[in-house]
Amino acid sequence: MSPWKRLLLNAYYHGTLPARWARRRAYALAGRMPVVVLFYHRVAGDRANEWTISDRTFARQIRWLKRHFNLISLSEVQRIMRSGHNHRPCASITFDDGYADNCHEAIPLLVKERIPCTYFVTARNVLEGLPFPHDVALGRPLPPNSLEQLRAMADAGIEMGAHTFTHADLGKLTDLEKLRYEVVTAADALADAIGRPMRYFAFPFGMQRNMSLLAFQMARKAGYEAVCSAYGGYNFPGDDAFHIQRVAADPWTIRLKNWTTIDPRKLGIGRYDGLANHKPATAAARSGKTQ
Ligand SMILES: [Zn+2]
């Protein structure tokens, strides 16, 4: 982020904070406080790619999140969505892909602080020890988690989830057998290797164009508790608990603070409904009024 952009975002964040606190207070009073689910990728001591966050920044973000949110598991997120009511600011932490470096400081910190976390891994990379295709494309291959690391995380209480077999763009995949391989075979292979069921699934890339109704139906039939997107929506009480919308945990903490305190620009994002043209956000649902 350029210094100029950072300055503008700081001004925007602090300038709109009172209005956002008022909105959140209205949500809380009406029992319609949305739940924020964050996704991280890689926490390490370097900046090997754009989606790496330094160990220090991660620790700072977790401290800030702990002060302002109840940090909960995905099953608790789903319970709130199903209940139709929520008065408390809640957030949930997830990771995508399965980078080995996360086990140096980030995951031990969450375990030590007893903060729930769901860790989505791409089956082929962790089973075969291969770097992720997006890093190879950049000429910066990075090691994935070993199975020993994943088993140790699961033993320490981290929920393991599936993130396809090959980090495929499921929005483009219409061949049923190939889709089954990414959605179902990936979970079976990971469950066998780690010794835990894969209850949750995260779509690679996670934009609306990277998902499909077919993949949703297959995931539901395969027995997943929920699927996760990554296009930046919030989860309101009463929303469909099978689809958990996630927000990027940005390396710039000001942006993380901005997204997690309900940026009105993100409220306009409609929930994916399996069709190319998604549902627009309803005014009543997003205003904090009970319906
Ligand atoms: Zn991914």
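The preceding data block contains the structure.
Note that the structure is a prediction, hence the values are computed from the model and not measured.

Calculation rules
- Residues numbered from 1 in each chain as written.
- Predicted model: local features only at pLDDT ≥ 70, side-chain atom pairs only at ≥ 80, totals over all residues.
- Heavy atoms only, no water.
- Patch = residues over 30% accessible without salt bridge, like charges linked within 9 Å, V, L, I, M, F, W, Y side chains within 5 Å.
- Areas by Shrake-Rupley, 256 points an atom, 1.4 Å probe, with all protein chains shown as cover.
- Salt bridge = Lys/Arg side-chain N within 4 Å of Asp/Glu carboxyl O.
- Helix = DSSP H or I, 4+ residues; strand = E, 2+ residues; numbered from the N terminus.
- Buried < 20%, exposed > 50% of the residue type's maximum accessible area, 1.4 Å probe, protein only.
- Donors = N, O, S within 2.8 Å, 3.2 Å for Na, K, Ca; no water.
- Lys, Arg positive; Asp, Glu negative; His and termini not counted.
- Charge placed at Lys NZ, Arg CZ, Asp CG, Glu CD.
- Core = buried A, V, L, I, M, F, W, Y, C linked by side-chain atoms within 4.5 Å.
- Contact = heavy atoms within 4.5 Å.

Caption draft 1: Broad picture of a nonpolar patch on the surface. A cluster of nonpolar side chains, Trp4, Leu7 and Leu8, forms an exposed patch at the surface whose accessible area comes to about 380 Å². Looking at the secondary structure, you find Leu8 in helix α1 (residues 3-30). Under the relative-accessibility criterion, Leu8 is labelled partly exposed at 48%.

Caption draft 2: Here's a closer look at the coordination of the zinc ion. Protein-derived ligands of the zinc ion are Asp97 (OD), His163 (NE2) and His167 (NE2), with the metal-ligand distances lying across 2.0 to 2.1 Å. Every donor residue of the zinc ion comes from the same chain, spaced as D-x65-H-x3-H. Within this pair, whereas Asp97 is found in the loop between β5 (90-95) and α4 (106-112), its partner His167 is found in the loop between β7 (159-162) and α8 (176-194), the two being separated by 70 residues in sequence. Neither residue differs from the other here; Asp97 and His167 are each classed as buried.

Caption draft 3: A look at a positive patch on the surface. Together, Arg56, Arg60, Arg63 and Arg67 make up a positively charged patch on the protein surface. In this structure, Arg56 sits in helix α2 (residues 55-68). Classification of Arg56 by relative accessible area gives exposed; the value is 65%.

Caption draft 4: Expanded view of the nonpolar core. Ranked by size, the top nonpolar core spans 70 residues in total, and within it Leu65 and Phe95 carry the most contacts. Counting residues per element, this core draws most heavily on α8, which supplies 7 residues. With residues up to four places along the chain from it excluded, the contact list for Leu65 reads Leu38, Tyr40, Leu71, Ile93, Leu256 and Thr260.

Caption draft 5: Inspection of the environment of Ala123 at higher detail. Secondary-structure assignment places Ala123 in helix α5 (residues 123-128). Overall, Ala123 belongs to the buried group, its relative accessible area being 0%. Considered as a pair, Ala123 and Ala187 are 64 residues apart in the sequence and their alpha carbons are 7.7 Å apart.

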